[in-house]
Amino acid sequence: MRHGKYPLIVTFLVPPVLLYVIFVISPYLQAFQISTTDWLGYSAEADPVGLANFETLLHDGRVWNALRNNAWLLAVVPVATIGLGLFFATMLSMGGRKGRAGITGVRGTAVYRMVYFFPQVLSVVIIALLWREVYHPNSGLLNGALRAVGLPAPTWLGEPRTAFWCVLAVMVWSNVGFYVVLFGAAMSAIPRDIYEAVLLDGASRWTTLRRITIPLLWDTVQVAWIYLSIAALDGFILVQQMTNGGPNFSSDVIGLRMYETAFGSESKFGYASAIGVVLFFLTLSVAVLALRAARRDRIEYS
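Residues numbered from 1 in each chain as written. Predicted model: local features only at pLDDT ≥ 70, side-chain atom pairs only at ≥ 80, totals over all residues. Heavy atoms only, no water.

(A) Broad picture of the overall build of the chain. Helix and strand counts for the chain stand at 13 helices and zero strands. In the chain, the succession of helices and strands from N to C terminus is α-α-α-α-α-α-α-α-α-α-α-α-α. Over its C-alpha trace the chain gives a radius of gyration of 24 Å, far above what one expects of a compact globule, namely 19 Å for 302 residues. Taken along the three principal axes of its C-alpha coordinates, the chain extends 80 × 75 × 35 Å. (Helix = DSSP H or I, 4+ residues; strand = E, 2+ residues; numbered from the N terminus. Rg over C-alpha atoms; globule rule 2.2 N^0.38 Å.)

Printed below as a string of structure tokens:
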């Protein structure tokens, strides 16, 4: 410090910035360059093809099918996950009897939050394999329960009509617990005097949630919406491990399509990079639109 603060700042700032540029920014830039070639991934030659890969994308039915599935994930996963997260967090924080502050949480709130959060400590691969066994048509837990009550047992992951929705349900299930804890922590920071005043006016819990809790948690909900939207545009690991895009590409997503294009039998790294570039701009656009759509004046409380 005797040489001034700027040498110290530069000393500690330059190395991480260089590492970030080398290992994060550089691969992105290389992907843009590779997307304009016909590189096969393992060959020494990579002839430039201009925008031919992007023109092929416009007429690729499998890519459009994958994008359509991602659109469904984008429309359903954030809404369902945030809705369930807010519901469970509200029940844990305000689901008990009226107390000194007007409302209390249910007994054993810490235990419930730990149970909800448990999927977060599991690897996504483990979650996928676990639910693949739950959906197993013969020995699966779900079909076993259906047979026990005399109901038909479908082939959940083997039917084009149900495979995608089964994966979507697992995606929601695996994410809800994190947002229950996140929203619960944010609710605990809201002054209890606000809830007490609202209850004295005769407001119901539903009105309290809609008129008080959600507006005060809007910044947290906005962040959750962006994270879940990005997750919905991915979905690669769950889909690959549970269905591998099948049956008949009914559960395919754009991340899996990019992977199969690059590492499948054709090894079209140039074309896969073009898919990656499209996914990059799509994710960026969704994040920006989510920020703008969810923008509102911040409510201050003390």
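There's plenty left to go through after this.
(B) Representation of the environment of Val 288 within the structure. Note that Val 288 resides in helix H13 (residues 269-293). Sequence separation between Val 288 and Ile 226 is 62 residues; the distance between their C-alpha atoms is 8.8 Å.

(C) Up close: the pattern of salt bridges. Tallied over the entire structure, the rule returns one salt bridge. Residues Arg 257 and Asp 252 are paired through a salt bridge, measuring 2.8 Å at the closest nitrogen-oxygen approach. For the pair Arg 257 and Asp 252, a shared accessibility class is recorded, and that class is buried. (Salt bridge = Lys/Arg side-chain N within 4 Å of Asp/Glu carboxyl O. Buried < 20%, exposed > 50% of the residue type's maximum accessible area, 1.4 Å probe, protein only.)

(D) Spotlight on the side chain of Asp 60. Its place among the elements puts Asp 60 in the loop between helix H2 (52-58) and helix H3 (61-94). At 5.9 Å, Arg 62 is the nearest oppositely charged side chain to Asp 60, a buried residue that forms no salt bridge. A distance of 3.1 Å separates a polar side-chain atom of Asp 60 from the backbone nitrogen of Arg 62. (Lys, Arg positive; Asp, Glu negative; His and termini not counted. Polar contact = N/O pair within 3.5 Å; in protein donor to acceptor, adjacent residues only side chain to side chain.)

(E) Fine view of the packing of H3 against helix H4 (residues 109-117). Taken N-terminus to C-terminus, the directions of H3 and H4 make an angle of 165°; their axes are 10 Å apart at the nearest point. Comparing their axes, H4 and H3 come out roughly antiparallel. Viewed along their axes, H3 and H4 form a crossing whose handedness is left-handed. Contact residues: Phe 88, Leu 92 and Ser 93 in H3; Thr 109, Tyr 112, Arg 113 and Tyr 116 in H4. Looking at side-chain class alone, the contact of H3 with H4 contains four nonpolar, two polar and one charged residues. (Axes fitted to C-alpha atoms, helices over the stretch in contact; angles between N-to-C directions. Parallel < 35°, antiparallel > 145°, perpendicular 65-115°, else oblique. Left-handed = near helix turned anticlockwise from the far one by under 90°. Contact = heavy atoms within 4.5 Å. Nonpolar A, V, L, I, M, F, W, Y, C, P; charged D, E, K, R; others polar.)

(F) Local environment of the packing of aromatic side chains. For the structure on display, the rule yields 19 aromatic pairs. Between Tyr 28 and Phe 280, the ring centres sit 5.5 Å apart and the planes meet at 50°, which makes this aromatic pair tilted. Within this pair, whereas Tyr 28 is found in helix H1 (residues 5-34), its partner Phe 280 is found in helix H13, the two being separated by 252 residues in sequence. On the accessibility criterion, Tyr 28 (43% relative accessible area) is partly exposed. For Phe 280, a relative accessible area of 31% corresponds to the partly exposed category. Each ring, one from Phe 117 and one from Phe 178, has its centre 6.5 Å from the other, and the planes form 35°; the classification is tilted. Taken together, the residues span a long stretch of sequence, with Phe 117 in helix H4 and Phe 178 in helix H7 (residues 163-188) at a distance of 61 residues. Judged by its relative accessible area of 30%, Phe 117 is partly exposed. Members of the aromatic cluster, each reached through a chain of ring pairs, are Trp 39, Tyr 42, Phe 236, Tyr 259, Phe 263 and Phe 269. (Phe/Tyr/Trp six-rings, centres within 6.5 Å; stacked < 30°, edge-to-face > 60°.)

(G) Just unusual backbone geometry, in detail. The peptide bond linking Gly 246 to Pro 247 adopts the cis configuration, its omega dihedral lying at -10°. As for its placement among the helices and strands, Pro 247 is situated in the loop between helix H11 (236-242) and helix H12 (254-263). A positive phi angle is found at Asn 244, which is not glycine, with a value near 55°. On the secondary structure map, Asn 244 appears in the loop between H11 and H12. Phi at Phe 249 takes a positive value of approximately 60°, unusual for a residue other than glycine. By secondary structure assignment, the location of Phe 249 is in the loop between H11 and H12. Judged by its relative accessible area of 30%, Phe 249 is partly exposed.

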